[in-house]
Amino acid sequence: MRTLLATVLRGLRSRALLSGGSVLLLALAIGSAVLGPVFSAAVTSSYLVTRLDEAPNRLTGLSWVYQPGAAAPSVARGIAAQVTAAYDGPFATPQTTLLTEQSPTPAGVWRLTAALEACEHLEVTGACPEQPGEVLMLAGDAEFTSTEIGETLDLGALGEHRVVGTYRVPDVSEEDFWFDLTRFASIPPAERRAGNIPYQPAPLVTVEDAFAAPEVAAVGWSVLVDRRLEVPPDLSLADTEQAERTAAGLDGPPREVGEGTLTGRSINDLGTILGETREQQQTARASVTPAVVSLVLVALALLLRLLTAAAELRLPELALASLRGLGRRRMWSLGLSEPLVLLVAAVPLGGALGVAAALALVRAWLVPGLPLPLPWEALAAGGLVALASVGVAVASVGLVLRTTLAEQLAGVRRPKRTGRLAVVAQLVLVAAAVTVLLSTLSAAPGDPDVTDLVLPVLLAVVAGLAATRATAWLAGRWTRRRTRSLPGFVAARALSRRTEGTLVVLPVTAALAICVFGAGVHDSAAEWRASVAATRAPADVVWRSSLPLDQTVDLTHRIDPEGRWLMAAGTLVTQGPTYAVVDAPRLDRVAAWPDQWTPGTSAAEVARRIEPQGTPPQLAGTSVRLTATVDGTTERDLSVRLRLDGTGGDRPRYAFLGPFPAGRTTTVTEPVPFCRDGCELDAITLGGAAALPVPMDAVVTLEDLRVDDEPVTDAFVGAGWVRSPTATAEAAVGAVEATSGSGSGSDSGSGSLAVSVDSEGTPVIAQLVAGALPAALPVVAGVDAVTSAQGGSSSMTSALTFPVDPVVEAGSVPLLGPIGLMVDHGMLTLDREVYEQDAPVYVLARGDTPAAVQDALRDRGASVETTLEDVRRTLDQGAYALALRLYAVVAALVLLMALAGLVVSTAVQLPSRRRDAASLRVVGVPRRSVAAAVVLELAVVLGSTAVAGLAAGSLAQYVVLRTVTLGTVDTVTTPALVASIDPARLVLLALLAAVLLGTVALVSAVLTVRGARGSTLRETAR
């Protein structure tokens, strides 16, 4: 035993480079096997924590309503908190808020609320309530109702209360205290298809003692109890399953508690979130495993090459042992002694390396403070790889021991035909690759599975085998041809007779293919996640507005008149298309617009194509004056109706000017007090009194439009006046021409507008609209959007259809994804009144929005819904996203491993190459030709390797991206993945491979030629 140990140590020392490389590859293979299960479990835990932490409290926490009966406010609060604290789960201590029932008055529907230490968690202007009868009012409601601090409000049945201060909606940092910031929403009066909605201001904040007043008791009040979900980094699925069971138990009938009743009012959605987490868990296993397996396979392939090279260097030693009569069992013991010693040294190193790598990735990529899991699968995987390494060692030693004694003594291995088992294994690999490739191509797009990520490994192996056989076959053909190129003949003969030169093709090809696939899919997936995030959060910060869309647009224009930071957006659902309604002129400055949506078309160009091409006149005053000339005949005097859209989202108002007799020029003035703060003139109707139809055959010229006796600049020129697309008498209205500087108002700057009308005796009205409104609304159409309008859409004065013209096709549109149509709000509302719907309305804001602008939003009841960064973070924490990050790490590791294996393999072949080069130098071959032959040989081998690896990786990337949805948010509003290969990235990788592999070839050639002397042959002979 001592002799064998000494022999082993002496052999390891003499082959230190091979021994060190083998230990490194063994440690990487075992470490990768340990890393996979650890990282997979950590990914699931991280996604669970991230998903729950980003979800609103109302979707993950618990809520109750306690009707106290005759109990005092403080007693009711205590009872409710004590009872709800007994519910199990990872929930915070109960938070209680007192809230009255609604009290209707002519001015609105009012409610009082009280919470302990409320003023400490509100931004208050004025004083904090200290006694009953004092309240805080939302700043936006105070502005809307023209209420000043110190005034007294009549709240109907709730009595009179004095406003001692105002507050604004709390910031996101206070969400944990208030549980749900949308409770501070102020709902303005609105007209909807379901009926008129009264004004519902945000709750008035008061003190707890106010709820003991008789009038409050008569109206009725209750205690809201909330328990938010606590999400520590070590939260487990078992904890959340308990929370899910607790939430489900709140759906039962009310409980009798004390003198009152307790009723669950949660909209908890933990079941959906946990379902997503379980899907992510499965995806993590299916995604992380192939990434780790590919690393293990490359390491084992390189290990086989190095152990085989080490065994071949031991041929003389094994031959001597055979001559001395060692039996087969002892020969195997001698052959396996060195590899097993290397394995014993590598196992603890590999385990430590795997745990350290997992810890580093968890700390770098996953949520802070996440504990490092150590599942039993990690130990099992490491053990299996260790056993596989023993098998590789047995295979490498077996290849040497199967050689005859004569071959062992000769010291030179001649090429042989491939064995039957090797041919069968290669055919099986080719068949498996073709099967997986066809299966992936024919599969419907869906979530990633193991075949998607194992495909690049199979293609790489097949490409490596093909490159190896093709290189050897071509070299053999070349040696049988007559050629005048001595370096070419020498290189071809070396390739056809020295199999060691092509053994590195397979692992290096696999490494390059995995590198190309990993880098390509990683970048494509990152761009796709950015597209999904921009769909769900179309700006840096997304605010939820309680105002209707019209009023939200007006609010953003009022607090950000230049459109630097804010843009309103919402959705409109019809029986035909579904619209994302945006304030398009602000799109390119505020919204997130990935290049994938409209390649080659910027957000600014998209906005220009869908926004009105004219600017409706802006009027601000209390009276309007208009001069009209009627050149022709009419049955009755004409009247001009002006549609004026006021500020604050008010319904449109109308001003009727007239009469204008035929054949005369008449000037008429009409009061418009509702335009004191500004109006927009967006439509003009010519007809009889009250805009009733009247027969007419005339040219009507409108000019000298004035407000408060001041001319309206560019009232007609530049406003884009055209015949209304929804006109009832479209054929009767002819030319509509705007000119400047004509008529009696030529010096006013307003210009004139000439309208030609010929009704052929039929009573008609001539309807005009500003903004150069086309017959069909220009829209940005998602690739899967319905563009055919159907009856029953939300319109009052227009036809019951919205004809659309898709001027741009996009991979996705904000809020709706590929199924939506994006339309400009101004274009949509210029000629129609749209009922408000219950769909949410948003304010999109840039990340650098000033604090004063944000405060103005909060004053009007807006609260932060989400941010683009939060959505991206949640998507980036998905299992497949993290698996693809791991693929990027694997790609870099396999490339480094392949280069290390290539360097070691080349160094091992250096003595035999020097002997060959010395033989050539002895017979008079020039040094330059010898060097050229070595470079050419390595260039052919490494060049075929690079081409095969790049081709296999690109094919795998293209196939996988065509058929996979990168994540578990596969819904109709999820943008599709763009299946494309970036030529620039591919060229960069090709250049990188050429530089690295070319450097190895050049260095090897230089070292070979420098050591090629006659003495080399004499040393070999001795």
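What counts and what doesn't
- Residues numbered from 1 in each chain as written.
- Predicted model: local features only at pLDDT ≥ 70, side-chain atom pairs only at ≥ 80, totals over all residues.
- Heavy atoms only, no water.
- Helix = DSSP H or I, 4+ residues; strand = E, 2+ residues; numbered from the N terminus.
- Buried < 20%, exposed > 50% of the residue type's maximum accessible area, 1.4 Å probe, protein only.
- Areas by Shrake-Rupley, 256 points an atom, 1.4 Å probe, with all protein chains shown as cover.
- Disulfide = S-S within 2.5 Å.
- Phe/Tyr/Trp six-rings, centres within 6.5 Å; stacked < 30°, edge-to-face > 60°.
- Pairing = 2+ DSSP bridges.
- Contact = heavy atoms within 4.5 Å.
- Polar contact = N/O pair within 3.5 Å; in protein donor to acceptor, adjacent residues only side chain to side chain.
- Salt bridge = Lys/Arg side-chain N within 4 Å of Asp/Glu carboxyl O.
- Expected span 1.5 Å × (residues − 1).
- Arc of directions from axis to C-beta.
- Axes fitted to C-alpha atoms, helices over the stretch in contact; angles between N-to-C directions.
- Core = buried A, V, L, I, M, F, W, Y, C linked by side-chain atoms within 4.5 Å.
- pLDDT = per-residue confidence, 0-100.

1. Section: the overall build of the chain
So, step 1. From N to C terminus, the chain includes 27 helices and 35 strands.
So, step 2. The burial tally for the chain puts 52% of its 1022 residues in the buried class.
So, step 3. Total accessible area on the chain stands at roughly 43,600 Å², and carbon and sulfur atoms take up 57% of it.

2. Quick word on the state of the cysteines
So, step 1. Summed over the entire model, instances satisfying the criterion amount to two disulfides.
So, step 2. Residue pairing for C119: its cysteine sulfur links by disulfide to C128, the two sulfurs lying 1.8 Å apart. Taking the sign of the S-S torsion, about 85° here, the bridge from C119 to C128 comes out right-handed.
So, step 3. Judged by relative accessible area, which is 31%, C128 ranks as partly exposed.
So, step 4. Residue C675 pairs covalently with C679 via a disulfide, S to S 2.0 Å. Disulfide C675 to C679: torsion about the S-S bond roughly -100°, handedness left-handed.
So, step 5. Given a relative accessible area of 3%, C679 falls into the buried group.
So, step 6. Look at the chain and number its bonded cysteines as they come in the sequence; the links are 1-2, 3-4.

3. Thoughts on the packing of aromatic side chains
So, step 1. Enumeration over the complete set of coordinates arrives at eight aromatic pairs.
So, step 2. The interplanar angle of 45° and the centroid separation of 5.1 Å between the aromatic rings of W64 and Y87 together place this pair among those described as tilted. With a gap of 23 residues between them, W64 in strand β1 (residues 62-67) and Y87 in the loop between α4 (73-84) and β2 (95-100) connect regions that are remote in the sequence.
So, step 3. Residue classification places W64 among the buried positions, given a relative accessible area of 2%.
So, step 4. Ring geometry for F144 versus Y199: centroids 4.8 Å apart, planes at 45°, classification tilted. Highlighted residues: F144 in helix α5 (residues 139-144) and Y199 in the loop between β11 (195-197) and β12 (204-205), separated in sequence by 55 residues.

4. Overview of the pairing of strand β13 (residues 221-227)
A regular strand places its side chains so that they alternate between the two faces of the sheet.
So, step 1. In terms of burial, β13 is largely enclosed, as seven of its seven residues are buried.
So, step 2. Side-chain alternation along β13 places W221, V223, V225 and R227 on one buried face and S222, L224 and D226 on a second face that is also buried.
So, step 3. Examined bridge by bridge, β1 and β13 share five bridges and lie antiparallel to one another. Within β13, the residue paired with S63 across the bridge is D226.
So, step 4. Across six bridges, β2 lies against β13 in antiparallel orientation. Pairing of L98 across the sheet is with V223, part of β13.

5. Points about the environment of T622
So, step 1. On the secondary structure map, T622 appears in the loop between β19 (618-619) and β20 (623-634).
So, step 2. By relative accessible area, which is 28% here, T622 ends up partly exposed.
So, step 3. Put simply, T622 and E670 are 48 residues apart on the chain and 8.7 Å apart in space, counted from C-alpha to C-alpha.
So, step 4. When residues no more than four places from it in sequence are discounted, the contact partners of T622 are E670, P671, V672, P673, R676 and D708.

6. Brief notes about the side chain of D859
So, step 1. Mapped onto the elements of the fold, D859 is located in helix α22 (residues 851-859).
So, step 2. Within the structure, the side chain of D859 is placed 2.8 Å from the side chain of R168, a separation counted as a polar contact.
So, step 3. When near neighbours in sequence (up to four residues on either side) are disregarded, D859 contacts L138, A139, G140, D141 and R168.

7. Some details on the pattern of salt bridges
So, step 1. Scanning the entire structure with this criterion turns up 28 salt bridges.
So, step 2. The residue E562 makes a salt bridge to R564 at a minimum N-O spacing of 2.8 Å.
So, step 3. Owing to a relative accessible area of 53%, E562 belongs among the exposed residues under this scheme.
So, step 4. Between R706 and D704 there is a salt bridge, and its shortest N-O distance comes to 2.7 Å.
So, step 5. R706 gets classed as buried once you look at its relative accessible area, which sits at 15%.
So, step 6. The structure contains a network of salt bridges with shared partners spanning E123, R168, D855, R858 and D859.

8. Details of α4
So, step 1. Taking 1.5 Å per residue, twelve residues should reach 16 Å; α4 reaches 17 Å between its end C-alpha atoms and fits that length.
So, step 2. For α4, the set of buried residues is P73, A76, R77, A80, V83 and T84. Mapping the buried residues of α4 onto a view down its axis gives an arc of 140°, with all of them on the same face.
So, step 3. Structurally, α4 contributes buried residues whose contacts are with β1, β2, β5 (112-114), β13, β14 (255-257) and β15 (260-264).

9. Focus on the sheet that holds strand β34 (residues 841-845)
So, step 1. Sheet architecture is open: eight strands sit in the order β32-β31-β33-β18-β17-β34-β16-β35, paired in mixed fashion. A strand with exactly one partner marks an edge of an open sheet, and here the two such strands are β32 (804-810) and β35 (863-867). Looking at each pair of strands side by side, their axes are set apart by 30° on average, direction ignored.
So, step 2. Strand direction decides the pairing type here: strand β17 (residues 566-573) and strand β18 (residues 578-582), joined by five bridges, are antiparallel. Paired with T571 across the two strands is A580, which belongs to β18.

10. Quick notes on the nonpolar core
What tends to happen in soluble globular proteins is that the nonpolar side chains get buried as a cluster.
So, step 1. Counting 123 residues, the largest nonpolar core has F39, L112, L204 and V223 as its most contacted members.
So, step 2. Counting residues per element, this core draws most heavily on helix α2 (residues 16-54), which supplies 16 residues.
So, step 3. Among the nonpolar cores identified, the runner-up in size contains 41 residues, and L644, L657, C675 and M696 belong to it.

11. Considerations on the confidence of the model for the chain
So, step 1. Considering every residue of the chain, the mean pLDDT works out to 79; 77% of them sit at 70 or more.
So, step 2. Considering only residues more than four positions removed or in separate chains, one finds that residues 742-748, a stretch of pLDDT under 50, has twelve contacts.
So, step 3. Predicted confidence is poor over residues 791-800, with pLDDT under 50, and the contacts of this stretch with residues over four places away or in other chains come to 37 contacts.

12. What about the environment of G751?
So, step 1. Along the chain, G751 turns up in the loop between β28 (733-739) and β29 (752-758).
So, step 2. Residue class for G751 comes out buried when judged on its relative accessible area of 3%.
So, step 3. Put simply, G751 and D704 are 47 residues apart on the chain and 6.7 Å apart in space, counted from C-alpha to C-alpha.

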